[in-house]
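# Summary of the model geometry
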Amino acid sequence: MEAKINKQAQTIDRLSAELDSLVSNPQSEEAKENSKLKYQISQLQKAIAEERTNLKPLEVEMSASILDSLVSLFTVAIAGAFPNVPFIKAAVNPTSPKQEKFGDYQCNSSMQIAGMLKDAGEKIAPRDVAKKILDNIPSNNLIKETTIAGPGFINVFMCQKYMVNRIGELNNLGVQYDKSKSRGRKVVVDYSSPNIAKEMHVGHLRSTIIGDSIANLFEAYGYEVLRINHVGDWGTQFGMLIAHLIDLFPDYDKNVPRISDLQKFYKESKKRFDDEEDFKKRAYENVVKLQSHDPAIHKAWQAICEVSRIEFQKVYDRLQITGLKEVGESFYQDKMNAVVDQLKKRDLLEFDDGRYIMWAPGIEIPLTVVKTGGGYTYDTSDLTALNYRVNEIKGDILIYVVDCGQELHFRQVFAAASKAGFYDAAQTRVEHAGFGVVLGEDKKKFKTRSGETVRLVDLLDEGIKRANDQLLERGREKELTAQEMKDAADAVAYGCIKYADLKSNRKNDYVFSFDQMLDIRGNTAAYLLYQLTRIRSVNRKVEGKITDEEISKIATSGQFDLADPREFKLAKTILRFHEILSQAQRDLLIHPICEWMYDLSNAFSQFYDKCYIIEKKDGKEEIKVGRLILASATASVMEAAFKILGIRTLHKM
């Protein structure tokens, strides 16, 4: 309703400008127009008055995210202080570490509102705007105090009692997610998407890791998440692959072919296709037979797909990727005719040089929907997939985790699908979460020494070897069992590979370096996992000395404080958890979660080194329960974050 009022107000401004022009040049005909404009303005003003009377007052929405709660508080305050100003959402941000003495958060909306008032003919200083906003802040238990700085910045200091209560809840209940907005909503995440009969390479690693984290994030908040593996399992290349399969494994219809090296199999097929005319002829014949669903050729195609699935699954098992459902290009082949018919009926296709193309709004390059000769393209299958995911699966949010090189393609597909009426952008969120390429330490595209694409299996094997060597160098085999050593090597290797990718902005290229990602001193999974094991070691030290019931009672009553600045800083960092996750859902960017985890680990390290949880006095041990609760809360949010990143944690390291 506020948007409607704002639009009406803009119309009044436009009509008033026209009226001023007529008044300065009064003529008989224009005088009549003058009267009409005055009448229109009066009617619009009356409508706005009625709308404002019926407008439901903004309500404060307090949530687990402190930032979102503050935005709601200040937005309500602005609406109350300046009811005639068009609706604006308050601009609130956490203060930087260097500015923490000036407050925990800062609202920067005063200058914007002062500018809007000035444009409307009302002059008021930004500091006075800030005062009016503060006079209208609703009652709450979050804000301890506020100050006005500079031209009108509002500094916010958090209430320690509120923080203590939230930390106590974390200790007793663990991490809780607000699932009220996700109830009944479905998210479709398209990621990984390797090609049948080819080895998974480092590019698939990025899509798999990023996509899985995004899926985990939405799942944590209660969305029904469909993880779709849009494998490349259709196309003319299957003609040569099938011909080669039949020659090598004539019993393919009875036994799964024993293809140990997919990359080698593919290259052999391609060489024969280039060199042997008879083979090439059979390959073309196989394509026709496959598209017409010839039983024998279809079975050969299925055999190749099955061999590939087995190899893909080995990688997914190692990376603990679960729930990924294969819905490849072949699934949409029988559905594309109906989509093309719809586009033709709506007169959206244009015949161009033997093919049918479709122009999407705002895109200078058309999609090729039907090729010369009648075949379909990736454009056709992606339009069909989008239509199916929205109108058959009933997805509310569609996310495509595909490299940035496909950005134009997805802009074309999304715009064309919207034009065709396959989805309404106001109702369905459809986004391409693009990512950059993986670079070697020489800042060039990551390749083997011979110039080949790096196989993902080889990369994972190297990671395990290096992680195990590092554990041996530190003498961990003396303290860990053989199984614990294996678990530690797996967790560190795979965790470090995932974290190194996720801590980089997915839109950028990133440099792959085992030395950097396994460094236990930097912003790595190894360092974060180490910090978590430190917390767990504290819990083991207090076992038998204090009961869970005693700890829970103190956490519930809030009978502890955050007197030491390190305690306060750690608590504040812990409580940013939902704020960071809320931002990640909006932006589909995972790296802020990693940055926050690193900040949390550093805050805990500073706290742990100076704020002793177990103190010895006169030969006796005293457990500082409040600090133990802080450590427990740190572990809770850290474990929850690791789960979203898809990284397995350890009790010993």
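The preceding data block contains the structure.
Residues numbered from 1 in each chain as written. Predicted model: local features only at pLDDT ≥ 70, side-chain atom pairs only at ≥ 80, totals over all residues. Heavy atoms only, no water.

### Re the overall build of the protein chain
Helix and strand counts for the protein chain come out as 23 helices and 16 strands. Here the C-alpha coordinates of the protein chain stretch approximately 100 × 85 × 45 Å along the principal axes. The buried share of the protein chain, taken over its 653 residues, is 49%. Looking at the protein chain alone, contacts between residues at least 24 apart form 72% of all its contacts between residues at least 6 apart. A total of about 32,500 Å² of accessible surface is found on the protein chain, and carbon and sulfur atoms cover 48% of it. Positive and negative side-chain charges of the protein chain, numbering 92 and 93 respectively, have mean locations separated by a distance of 3 Å. (Helix = DSSP H or I, 4+ residues; strand = E, 2+ residues; numbered from the N terminus. Buried < 20%, exposed > 50% of the residue type's maximum accessible area, 1.4 Å probe, protein only. Contact = heavy atoms within 4.5 Å. Areas by Shrake-Rupley, 256 points an atom, 1.4 Å probe, with all protein chains shown as cover. Lys, Arg positive; Asp, Glu negative; His and termini not counted. Charge placed at Lys NZ, Arg CZ, Asp CG, Glu CD.)

### Some remarks on the side chain of Glu567
Following the sequence through the fold, Glu567 ends up in helix H20 (residues 565–574). Here the side chain of Glu567 touches Arg627 through a polar contact of 2.7 Å, side chain to side chain. For Glu567, the residues in contact, after removing those within four places along its chain, are Asp561, Leu562, Phe607, Cys611, Arg627 and Leu630. (Polar contact = N/O pair within 3.5 Å; in protein donor to acceptor, adjacent residues only side chain to side chain.)

### A short note on the nonpolar core
Judged by nonpolar contacts, the single largest core of 164 residues is most densely connected at Leu70, Phe74, Ile399 and Ile593. Ranked by the residues each element gives to this core, the list is headed by helix H23 (residues 625–645), at 14 residues. There are two domains that each give this core at least three residues, and those are domain 1 (2–162) and domain 2 (237–323). Leave out the neighbours within four places in its chain, and Ile399 touches Val187, Val188, Val189, Asp190, Ile214, Phe218, Glu431, Ala433 and Leu588. Formed by 33 residues, the second largest nonpolar core is a distinct cluster that contains Leu348, Ile363, Ile393 and Val430. (Core = buried A, V, L, I, M, F, W, Y, C linked by side-chain atoms within 4.5 Å. Domains from an automatic or database assignment.)

### Quick notes on a negative patch on the surface
On the surface, Glu543, Asp548, Glu549 and Glu550 cluster together to form a negatively charged patch. Note that Glu543 resides in the loop between helix H18 (525–542) and helix H19 (548–557). (Patch = residues over 30% accessible without salt bridge, like charges linked within 9 Å, V, L, I, M, F, W, Y side chains within 5 Å. Salt bridge = Lys/Arg side-chain N within 4 Å of Asp/Glu carboxyl O.)

### Considering the packing of helix H3 (residues 66–81) against helix H5 (residues 126–135)
Packing of H3 against H5 brings their axes to within 8 Å, and their N-to-C directions diverge by 110°. Compared by their axis directions, H3 and H5 come out roughly perpendicular. On H5, the residues that touch Phe74, Ala77, Ile78 and Ala81 of H3 are Lys132, Ile133 and Leu134. (Axes fitted to C-alpha atoms, helices over the stretch in contact; angles between N-to-C directions. Parallel < 35°, antiparallel > 145°, perpendicular 65-115°, else oblique.)

### Description of the pattern of salt bridges
Between side chains of opposite charge, pairing is possible as soon as their charged atoms come close. Evaluated as defined, the whole model comprises 39 salt bridges. We note a salt bridge from Arg455 to Asp458, for which the minimum N-O separation is 3.0 Å. Residue classification places Asp458 among the partly exposed residues on the basis of a relative accessible area of 38%. A network of salt bridges, in which partner residues are shared, links Glu567, Glu615, Lys617, Glu622, Lys624 and Arg627.

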